[in-house]
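Residue-level listing of the chains:
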Amino acid sequence: MTNLLETVTEELQAAQFLDMHTHLFKPALGTLGLWGIDELLTYHYLEAELFRSSEITPEQYWSMSKKEQADAIWRTLFVDNLPVSEATRGVVAVLQAFGLPTESKDLKDARQYFSSQKIEAHIEKVFQLAGISEVVMTNDPLDPAEAPLWEKGGAADKSFHAVLRLDPILNKWTEHWKVLEQAGYKVEQHLSPKGIREVRRFLDDWSKRMQPVYMAVSLPDTFQYPEESTRAQLLREAVLPACRELGIPLSTMIGVRLQVNPAIKLAGDAVGKADLRALENLCRNFPDNRFLVSVLSRENQHELCVYARKFSNLMPFGCWWFLNNPSVVEEMTRERIEMLGMSFIPQHSDARILEQVIYKWRNTRRTLAPILANSYGLLVEDGGSVSRERIRQDIQRLFRGNFSQFCGISG
Ligand code: RAT
Ligand code: ZN
């Protein structure tokens with residue numbers, strides 16, 4: 001093969017990816033789905049950057065309307081400064097993808113463009129620009145804005161897979177058990193065997209309703225397993241048995257330190273290095289469960305690769321949140337290929353606003369092309385051979401096949 005980089009780039013471009021973790025919503029879930037320029041600009045990654053480059057205080061910012069907030073972020077991060085950070089550059093890429101001005105003083109044209117779009121056709125266009133065919137949502141049955149929409153039906157959508165997200169139940173049982181009780185499940189704060197059966201019934205009911213491709217929880221850096229805690233009990237006696245019965249994985253995203261600065265709300269979460277022995281114990285003690293795992297601290301990445309070599313019921317995925325920068329993505333992905341071949345899921349978008357998938361997947365393709373080409377180049381240098389067909393199969397496996405197979409869905 002003459003030019004590996006060219007071939008890999010073309011194949012990455014041609015492939016339709018499955019985005020296995022986002023915060024997007026199918027149109028049937030109505031206004032939960034965020035899109036358009038004002039949402040793009042008030043993304044919490046950008047809010048965090050605003051407070052570093054402007055005099056606006058969080059209190060002032062939260063008292064503004066969404067439009068005013070977006071204007072302030074545009075002025076500060078795009079007009080007064082060059083948008084060179086990963087999150088700001090993303091907005092520029094989205095504007096460019098729609099042929100909108102990237103350097104104007106205000107947001108008039110962009111607002112006009114987005115307000116004239118119809119959501120269904122817009123989603124199709126966005127997916128096409130992003131090179132994705134399906135996304136996986138994050139669905140919280142305890143969210144008072146979301147639950148009633150599912151209870152009404154929330155029509156199935158082949159482009160949007162559901163995920164049963166369990167953070168409130170697993171991480172804050174004391175604050176949330178009453179919500180289950182009010183919904184007719186006979187639980188108490190202290191979980192008796194009967195209470196556990198009722199949590200199982202809750203999980204079964206919501207699984208029937210949502211048809212999730214996996215269950216999910218984000219966990220703090222202090223996460224331990226086993227331990228004397230409601231979370232450990234719920235995992236062992238309710239969540240993991242339910243996943244086994246349904247034949248779906250549990251996704252654990254480990255290492256978040258919630259609200260180290262509550263004044264900046266969603267932007268106020270941070271990262272901590274976790275003790276991955278907890279993950280080791282889960283993978284070993286529950287061989288009939290499968291675990292999709294992303295860890296937030298850079299320091300945990302090497303251990304995650306090592307554990308994936310020990311446990312085939314562990315699937316590392318994505319370069320999550322603060323790791324989703326080309327320099328770190330490159331380091332992590334190279335190591336994963338070196339240690340695991342193609343048996344991992346390189347990336348998810350974590351998009352919260354629809355159009356973000358355009359820049360996030362463009363970045364992934366751009367960063368991954370030379371990494372993959374380099375791996376193939378080394379193989380050729382060492383006497384192996386690589387064909388376009390094999391490269392295509394690898395890309396298919398990385399961005400679709402590994403996930404589909406691990407979740408037991410076709411695709
Ligand atoms: O990346 C993010 O947007 C975070 O705020 C979280 O949503 C994280 O991805 C999560 O799913 O908990
Ligand atoms: Zn997320």
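Residues numbered from 1 in each chain as written. Chains lettered and ligands numbered in written order. Predicted model: local features only at pLDDT ≥ 70, side-chain atom pairs only at ≥ 80, totals over all residues. Heavy atoms only, no water.

## Quick notes on the overall build of the protein chain
What the protein chain contains, in helices and strands, is 18 helices and 8 strands. Its C-alpha atoms give the protein chain a radius of gyration of 22 Å, within 12% of the compact-globule value 22 Å for 411 residues. The dimensions of the protein chain, computed from C-alpha atoms along their principal axes, are 65 × 60 × 40 Å. A burial count over the protein chain gives 56% of its 411 residues as buried. (Helix = DSSP H or I, 4+ residues; strand = E, 2+ residues; numbered from the N terminus. Rg over C-alpha atoms; globule rule 2.2 N^0.38 Å. Buried < 20%, exposed > 50% of the residue type's maximum accessible area, 1.4 Å probe, protein only.)

## Some details on the pairing of strand 7 (residues 291-295)
Along any regular strand, the residues point their side chains to alternate faces of the sheet. Among the 5 residues of strand 7, 5 are classified as buried, and the element is accordingly described as predominantly covered. Side chains of strand 7 alternate between two faces, with Phe 291, Val 293 and Val 295 and Leu 292 and Ser 294 buried alike. Where strand 5 (residues 250-257) and strand 7 come together, 5 bridges link them in parallel fashion. Paired with Ser 251 across the two strands is Leu 292, which belongs to strand 7. A crossover connection joins strand 7 to the parallel strand 8 (residues 314-316) through helix 15 (residues 301-310); in handedness this β-α-β unit is right-handed. (Pairing = 2+ DSSP bridges. Right-handed = clockwise from strand over helix to strand, strands pointing away.)

## A word on the side chain of Arg 231
Residue placement: Arg 231 occurs in helix 13 (residues 230-246). Here the side chain of Arg 231 touches Asn 171 through a polar contact of 2.6 Å, side chain to side chain. Beyond its immediate sequence surroundings of up to four residues, Arg 231 is in contact with Leu 170, Asn 171, Leu 219, Pro 220 and Phe 223. (Polar contact = N/O pair within 3.5 Å; in protein donor to acceptor, adjacent residues only side chain to side chain. Contact = heavy atoms within 4.5 Å.)

## Topic: the coordination of the zinc ion (ligand 2)
Here the zinc ion (ligand 2) is held by His 21 (NE2), His 23 (NE2) and Asp 350 (OD), and the distances to it run 2.0 to 2.1 Å. Mapped onto the sequence, the residues coordinating the zinc ion (ligand 2) show the spacing H-x1-H-x326-D. (Donors = N, O, S within 2.8 Å, 3.2 Å for Na, K, Ca; no water.)

## Some details on the site of ligand 1
Inspection of the region around ligand 1 gives His 21, His 23, His 44, Tyr 45, Arg 165, Ser 218, Trp 320, Trp 321, Asp 350 and Arg 352 as its neighbouring residues. In this structure, His 44 approaches ligand 1 through a side-chain N or O atom, which is 3.0 Å from an oxygen atom. Between ligand 1 and Arg 165 there is a distance of 2.7 Å, counted from an oxygen atom to a side-chain nitrogen or oxygen. Looking at the shell around ligand 1 residue by residue, the class counts come to 3 nonpolar, 4 polar and 3 charged. (Near = heavy atom within 4 Å. Nonpolar A, V, L, I, M, F, W, Y, C, P; charged D, E, K, R; others polar.)

## Looking at the pattern of salt bridges
Taken as a whole, this structure holds 19 salt bridges when the rule is applied. Here Arg 111 makes a salt bridge to Asp 38, at a shortest N to O gap of 2.7 Å. Separated by 73 residues along the polypeptide, Arg 111 in helix 7 (residues 108-115) and Asp 38 in helix 2 (residues 37-41) bring together distant segments of the chain. Per residue, the accessibility class of Arg 111 equals that of Asp 38, and both read buried. (Salt bridge = Lys/Arg side-chain N within 4 Å of Asp/Glu carboxyl O.)

## As for the state of the cysteines
Summed over the entire model, instances satisfying the criterion amount to 0 disulfides. Cysteine Cys 243 remains unbridged, with the sulfur of Cys 407 as its closest cysteine sulfur at 10 Å. Note on Cys 283: no disulfide assigned, nearest cysteine sulfur contributed by Cys 243 at a separation of 13 Å. (Disulfide = S-S within 2.5 Å.)

## Brief notes about the environment of Gln 16
Mapped onto the secondary structure, Gln 16 falls in the loop between helix 1 (4-14) and strand 1 (17-19). Placed 11 residues apart in sequence, Gln 16 and Leu 5 show a C-alpha to C-alpha distance of 19 Å. When sequence neighbours within four positions are dropped, the list of residues in contact with Gln 16 reads Gly 131, Ile 132, Ser 133 and Arg 400.

Such coordinate-based values are descriptive only and should not be taken to indicate function.
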